[in-house]
Structures are given as C-alpha cells and as structure tokens.
Amino acid sequence: MRRFYLFGFLLLMGFDTLSQISFKYAGTQALPVAASVAWLLRVFGQPWVYGAIVGYVGAFFTWMSLLKHAPIGPAFAASHLEVVSVMLLSVWLFDEHLTVPRVLGAIAIIAGIVCLGLAESREHPPEPAA
Amino acid sequence: MLPATGSISSLVAGLWLLNVLLDTGGQLAFKAAAGSPLAGDGLARWKHMAARPWLWLGIASYVIEFLVWIAFLSLIPLSEGVLLGSINIVAIMVAGRFLFGERLTRLRVIGILLVTLGVTIVGIAG
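Only a predicted model underlies this, so the values are computations on that prediction, with no experimental measurement involved. (Residues numbered from 1 in each chain as written. Chains lettered and ligands numbered in written order. Predicted model: local features only at pLDDT ≥ 70, side-chain atom pairs only at ≥ 80, totals over all residues. Heavy atoms only, no water.)

The geometry of an aromatic ring pair is captured by two quantities: the separation of the ring centres and the angle between the planes. What the rule picks out here adds up to 13 aromatic pairs over all chains. When the centroid spacing of 5.1 Å and the interplanar angle of 50° are considered together, the rings of Phe60 of chain A and Phe30 of chain B count as tilted. With Phe60 of chain A in helix H3 (residues 48-69) and Phe30 of chain B in helix H1 (residues 10-34), this residue pair bridges two chains. Summarising the burial analysis for this pair, Phe60 of chain A and Phe30 of chain B share the class buried. In this structure, Arg97 of chain B packs its charged tip against the face of Phe98 of chain B, placed 5.7 Å from the ring centre. (Phe/Tyr/Trp six-rings, centres within 6.5 Å; stacked < 30°, edge-to-face > 60°. Helix = DSSP H or I, 4+ residues; strand = E, 2+ residues; numbered from the N terminus. Buried < 20%, exposed > 50% of the residue type's maximum accessible area, 1.4 Å probe, protein only. Lys NZ or Arg CZ within 6 Å of the ring centre and 35° of its normal.)

Quick look at the environment of Ser9 of chain B now. All names here are of chain B. Tracing the backbone through its elements, the reader meets Ser9 in the segment before H1. Since its relative accessible area comes to 35%, Ser9 is described here as partly exposed. A C-alpha to C-alpha distance of 48 Å links Ser9 and Gly40, two positions 31 residues apart in sequence. At a separation of 3.2 Å, a polar atom in the side chain of Ser9 contacts the main-chain amide nitrogen of Val12. (Polar contact = N/O pair within 3.5 Å; in protein donor to acceptor, adjacent residues only side chain to side chain.)

Okay, the interface of chain A and chain B next. Accessible area lost during the coming together of the parts is what is often quoted as the interface size. The partner chain B presents 45 residues to the 49 residues of chain A that form the contact. Taken together, the two surfaces of chain A and chain B that pack against each other cover about 3,900 Å², and 76% of this comes from carbon and sulfur. Summed over the shared surface of chain A and chain B, the number is two salt bridges. We note a salt bridge from Glu80 of chain B to Arg102 of chain A, for which the minimum N-O separation is 3.4 Å. In this structure, the connection of chain A to chain B is made through nine residue pairs in polar contact (both at pLDDT 80 or more). Every element with two or more residues in the side of chain A that touches chain B is listed here: helix H1 (2-29), helix H2 (37-44), H3, helix H5 (82-94) and helix H6 (100-123) of chain A. For the side of chain A that touches chain B, the leading source of residues is H6 of chain A, giving 17 residues. Split into classes, the residues belonging to the side of chain A that touches chain B amount to 33 nonpolar, nine polar and seven charged. (Contact = heavy atoms within 4.5 Å. Buried area = accessible area lost by both parts, 1.4 Å probe. Salt bridge = Lys/Arg side-chain N within 4 Å of Asp/Glu carboxyl O. Nonpolar A, V, L, I, M, F, W, Y, C, P; charged D, E, K, R; others polar.)

According to the stated counting rule, one finds two salt bridges over all chains in the structure shown. Across the salt bridge formed by Arg108 of chain B and Glu120 of chain A, the nearest N and O atoms sit 2.8 Å from each other. In this pair, Arg108 of chain B is assigned in helix H6 (residues 106-125) and Glu120 of chain A in helix H6, connecting two distinct chains. Arg108 of chain B gets classed as buried once you look at its relative accessible area, which sits at 3%.

Next up on the list: the environment of Leu116 of chain A. Tracing the backbone through its elements, the reader meets Leu116 of chain A in helix H6. Counting along the chain gives 101 residues from Leu116 of chain A to Phe15 of chain A, while the straight-line C-alpha distance between them is 22 Å. Setting aside residues no more than four positions away along its own chain, Leu116 of chain A makes contact with Phe76 of chain A together with Ile89, Met93, Arg108, Gly111, Ile112 and Val115 of chain B.

Another point: a nonpolar patch on the surface. Residue and element names in this part refer to chain A. Nonpolar side chains collect at one region of the surface, where Val84, Leu88, Val91, Leu98, Val100, Val103, Leu104 and Ile107 lie side by side and expose about 650 Å² of accessible area between them. Sorting the residues of the nonpolar patch by element identifies H5 and H6 as the ones contributing at least two each. The leading source of residues in the nonpolar patch is H6, at four residues. The residue Val100 is located in helix H6 in this model. The exposure class of Val100 is exposed, given its relative accessible area of 59%. (Patch = residues over 30% accessible without salt bridge, like charges linked within 9 Å, V, L, I, M, F, W, Y side chains within 5 Å. Areas by Shrake-Rupley, 256 points an atom, 1.4 Å probe, with all protein chains shown as cover.)

Right, dumping it as structure tokens:
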C-alpha cells in the first residue's frame, strides 16, 4: 500500500509539473494577452494547451483518488511540492534564472508546505488497517 | 496587499488575485463534493457527486482559472509564477477555517506565515 501511495504522489507531481510547463509554453505562444476571442483562438490553436489539459485532468483524478485513501499530510505536500520541479525545469527549458529572492522565497514556501503537511498528519492520524 | 511594485504590473496583479479567488472557490466546491457522507463507493460515488452542483461549480471555477493562469504565466517567468501561485494554499486554509471550521493549529499558522513570507519576498523582489 505504501508503494501505491508513493506512486500516486509521484504521479500527482508529474501531472502538475506537465501542466505548468505546458501552461507557460501555451501562454507564450498566445501573446499578447487580451480578453478576446482572438486570444482564445491563439491559446487553443497550438498543441501545448492540450498538454496542460492532460496534466490538469490527470492531476484531478489522481488527487480525488488519493484524497479518499492516502494520509492527508503527505498528499497535501505532494500536491504542492511541484514548485521545486517546475523551478528547476524552467531554468533548463526557459533559460530563467534562480535569483536570490526566488530561492529564498522558495525555501520559505517549501518550509511552510512541510509544516502544513505535518499539521495535517497530526490532525488526521492514520487509521488502523482494516 | 497588492503594491504596485517594480516588476509586477497591475494586469499581472489582477490575474494573480483572480487566480486565488477561482482556485479557492474551486477547491472548496470540490471539498463539498467529495466530503458528502452519503456518497458511497466507486461508480455510485461519482454518480452521487455528478447529480449535485458542487462538482460542477468546482469544474467551472477551474476552467476559468485555467485561462487566467495561462494569461498570468505568459506575462512573468514560470519560476516566479509558480512561487506567487503558492498563496493559493494560504487562501484555502483560511477559507477552510471560516467555512468548514477547520482549526488553525500553531503548526498550521507557522506554515501559513512561511508560505506568505515566501510569496511576499518573490512578489517584491522576485
């Protein structure tokens, strides 16, 4: 069962990461931003938006399944720690820079997510195996 | 809450705020959909949820959020965008406190403050 959860968490992170990368590609190709049909056509007229949809739908069903069975603390953390994978990939894929404020901000955010995950674990201790 | 800081335009700030509102609304709707004790199991659970508005309200919020988030990320670097988006976690916790009476323990308050601190650092200097 532990292996099942771990796989679920990794799957969730993978779907979330795929979505964010695809969102960035889709948005960049649809520039300039406008509240218009033309912008919507540009968004849906290139393939990346569909990568984002796959990631979105995959994450949704993975999350709903995990919520039902998995310990909520690790599930919560796993559903938000994709900031790490996305940041690292954005350096590689989009030539972005890990500036000092971004790294400091990321450390504070990750520490916060870990605290929140621990808080969830404490408040919802795992039920004894049936 | 939304200072007109150097790198962040009012359009980016507005999209950021809209994203927080839609994400929180959607999450709370999904919580209401998934949390029903009468729901049962398997296919019956999904049928139960599909027959009630909460699941669809959550999906509608997410569809609009999807477009808002694409627009938001197209205007700023992705590494900055995902960090700023982490404020959604805080918004959902606070909303859960008020709407579902979820307790804010000391550990949770510390977590919320740390995430808020991180988002603030990135928002001001990112």
